[in-house]
Amino acid sequence: MTMAEKLTLPATTLPPDTDRRRLGFRLTLPAQVLVLLISLFPLLMQLYISLTDWSPLSGLMWPRAWQMWNGLANYADLLSDNRLWAALGRTAFVMAVCVPVEFLLGLALATLFMDEFPGKRVLYSILIMPMMVVPAVAGYMFFMLFQSGGPVNDILSWFTASPVTIAWLSSPTLALTAVMIADIWQWTPLMFLILLAGLMGVPEDQMKAATLLGAGPWQRFRTIVLPRMRTIIVIALAIRSIECFKIFDTLFIMTGGGPGVATETISVYIYKITTQDLIWGYVAAIALAILLVLSVACIWAMKRLAR
Amino acid sequence: MHRSPAFVLFRYGAILFAVAVTLVPVLWMASMAFKPIPEWQATGAALTWWPRNPTWDNFRFVFGTSTSDLIVALDRTALRPIVSSLLSATFGTIIAMTAGTAAAYGLSRFGAGQNLPLALIQLRLFPPMAVMIPVMIMWAFLGFIDTWWGLALVYGIVTLPFAFWLMKTFFDDMSREIEEAALVEGCSRFRVFTRITLPMMRAPLASAALFVFILNWSDYLIALLLTTRDWVTVPVYMASLSSSMTGQLYGAKAALGLIAAVPPVILGILIQKHLVRGLTFGALKQ
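Worth saying up front: this structure is predicted, and the values here are computed from it rather than measured.

Reading the values: rules and limits
Every chain is numbered independently, its residues counted from 1 as its sequence is written. Whichever chain is written first becomes A and whichever ligand is written first becomes 1, with later ones labelled in order. The predicted nature of this model means local features are confined to residues of pLDDT at least 70 and side-chain atom pairs, given and counted, to a pLDDT of 80 or more, with totals for whole chains, interfaces and linings taken over all residues. Hydrogens and water are ignored here; the side-chain numbers use all heavy atoms of the structure. Numbering of helices and strands starts at the N terminus; helices are DSSP runs of H or I of at least 4 residues and strands are runs of E of at least 2. Buried means the residue's accessible area, taken with a 1.4 Å probe over protein chains only, is under 20% of the maximum for its type, while exposed means over 50%, and partly exposed covers the values in between. Each accessible area is a Shrake-Rupley result for a 1.4 Å probe, and residues are judged covered by the shown protein chains and nothing else. Neither His nor the chain ends is counted toward charge; the positive residues are Lys and Arg and the negative residues Asp and Glu. Charged groups are reduced to one reference atom each: NZ for lysine, CZ for arginine, CG for aspartic acid, CD for glutamic acid. Here a Phe, Tyr or Trp ring, Trp counted by its six-membered ring, pairs with any other such ring whose centre lies within 6.5 Å, and the pair is stacked when the planes are under 30 degrees apart, edge-to-face when over 60, and tilted otherwise. Geometrically, a lysine NZ or arginine CZ counts as sitting over a ring once it is within 6 Å of the ring centre and also within 35 degrees of the ring normal. Each residue carries a pLDDT score, the predictor's confidence in it, ranging from 0 to 100. A fitted line through C-alpha atoms represents every axis, and for helices the fit uses only the stretch in contact; the resulting angles, taken between N-to-C directions, go from 0 to 180 degrees. Two helices cross in a left-handed way if the nearer one is turned anticlockwise from the farther one by less than a right angle. They cross in a right-handed way if the turn is clockwise. Contact between two residues is taken to exist if any of their heavy atoms lie within 4.5 Å; hydrogens are not considered. Note on residue classes: Ala, Val, Leu, Ile, Met, Phe, Trp, Tyr, Cys and Pro are nonpolar, Asp, Glu, Lys and Arg are charged, and everything else, Gly too, is polar. Salt-bridge detection follows one rule: a side-chain nitrogen of Lys or Arg within 4 Å of a carboxyl oxygen of Asp or Glu.

(A) View of the overall build of chain B. Of regular secondary structure, chain B possesses 14 helices and zero strands. Each helix (α) and strand (β) of chain B, taken in turn from the N terminus, gives the series α-α-α-α-α-α-α-α-α-α-α-α-α-α. Along the first, second and third principal axes, the C-alpha atoms of chain B reach 75 × 70 × 35 Å. Among the 286 residues that make up chain B, the fraction classed as buried is 57%. Accessible surface computed for chain B: about 12200 Å², of which carbon and sulfur atoms make up 67%. Here chain B contributes 20 positively and 13 negatively charged side chains, and the mean placements of these two sets differ by 5 Å.

See the structure below:
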């Protein structure tokens, strides 16, 4: 619209839709810019670097990484990178154990909180506390707990009647167990919180009617609670699975991925080759491959959820 | 609903057990923070569950005044990391909340930015580790490495999904009658947003901001990658304490852990009502 037109038209005749669209565009602009800043440009940069042997130590600025072009060699390498596949497998294992355990414990606790009882509010506040503890600090808490002269062994020795001196964090199998215990401690409260909110939404009169008709607790749970909770359960499991896949802070503070590579999950592996080996071309290839797989999985899941 | 005494007993038993499991790690760290050096580790078979000679030494130590001959004073105190954590988390929150609230309003009222909901969920889905290489290169180019503002910008983007989704559900839930009345009175749409909607939404805005602040304050990985010395945050500083000295500084690290853990726990209890909504991207309300 030219200046002259603007002056001749009274403000009220401005089509409200243009006005709305313009304001909407302006309001969403900062968020769009921030999203682009961390998605589109970095992805293109990463794609470019992943096709080269570039490293921050190579003495070249990254735009000139083409001088170290190696085509798809990085992608070929990652297919035969045993440490990568082991890290992925370990991450999958941690997810396969932690997420269901957190879900079942959270659900069990939530069912205990369904009706009113004295002290409910205080106990509830205490139980959801772990998820608000800074994960790195939680990692340090469990690092202390699992020392060979620490409280966990002390408690165990009350039962065995002889001093227990298990070196949790330096044994390959026990270190992974300890890391998973820390994860379960911190994130069961999240499941509890979400599932309790879901349970509270189940209409009480339906439950009462079912009880009068002679339905047992399990039957009531299966036929009334479960169908109503389906979406909530899916959301809770999805959120925890996504976060569990990224597991880093607690684990890295507790074990640093060790002993050896015994607790090296995918985030820890990428962190190590980024900061220690500095082979950024290869890291970019791994990162892109993971992003690609996750995006496909995400779109597939969204489509299924929408149906 | 009437419950049998056996059930009531079972319920309290189970819940109290869960409470004990929840509290032991926290209390152990709190107890460690007040223990003098000789009580840090088990001597013989005896473990010090509760400090026999409680002391503030660990806190004094991390703030630079060593009162013990057994450990040398630190070359860097915890003061600067605390300032760094506060600055980066606060400004990260401001960035996320400003961009997130504006975008949420734009989508909720004008249908703008239809791509944002999914784009932001995807942003949350990706492990930060998988996008950090380009960020590290760009930040090095901009001179943002090891600065609180560089960290704040990443935090602002990383927590944008939460700010956006929380505010979107708050705006969707809000009654529009007052807004519409103001429009009829001749207020411009932007004025309606800044003068009427935002003041009405003060409480939801505050809880969303606290939620985002907790997330920013809790970060470890991003600060580990983007800060090196001057602006390390509290978790990074805490983790680095052991490697720079000989042996574990159990008590000092526990004191720092306590300092880092207390603010989010208090804030989290304050916004308990909105936790479910925040954590499920608004899919679920309490």
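That shown, we press on.
(B) Quick look at the packing of aromatic side chains. As enumerated under the stated definition, the model contains 32 aromatic pairs over all chains in all. Aromatic rings pair up to connect A:Phe113, A:Phe117, A:Tyr124, A:Phe192 and B:Tyr12 into one cluster. If you follow B:Arg80 out to its NZ or CZ, it ends over the ring of B:Trp231, 4.3 Å from the centre.

(C) How the structure looks around the confidence of the model for chain B. Across chain B, the average pLDDT comes to 86, with 92% of residues at or above 70. Scored as a complex, the prediction yields pTM 0.89 and ipTM 0.90.

(D) Summary view of the packing of helix H8 (residues 177–184) of chain B against helix H9 (residues 189–200) of chain B. Residue and element names in this part refer to chain B. The geometry of H8 relative to H9 is characterised by a closest axis approach of 10 Å and an angle of 145° between their N-to-C directions. Seen from above, H8 lies across H9 with right-handed handedness. Of the residues in H9, those in contact with Ile178, Glu179, Ala182 and Leu183 of H8 are Arg189, Val192, Ile196, Thr197 and Met200. When grouped by side-chain class, the residues that make up the contact of H8 with H9 number six nonpolar, one polar and two charged.

(E) Inspection of the pattern of salt bridges at higher detail. Residues and elements named next belong to chain A. Counted by the stated rule, this structure contains 12 salt bridges over all chains. Here glutamate 116 and lysine 120 are joined by a salt bridge, their closest N and O atoms 3.5 Å apart. For glutamate 116, a relative accessible area of 65% puts it in the exposed group. The buried category is assigned to lysine 120, whose relative accessible area is 13%. Salt-bridge contacts for aspartate 183 lead to arginine 240; the nearest nitrogen and oxygen are separated by 3.0 Å. On the criterion of sequence distance, the pair formed by aspartate 183 in helix H9 (residues 172–200) and arginine 240 in helix H11 (residues 217–245) is long-range, its members being 57 residues apart. Salt bridges linked by common partners bring Arg83, Glu264 and Lys272 together as one network.

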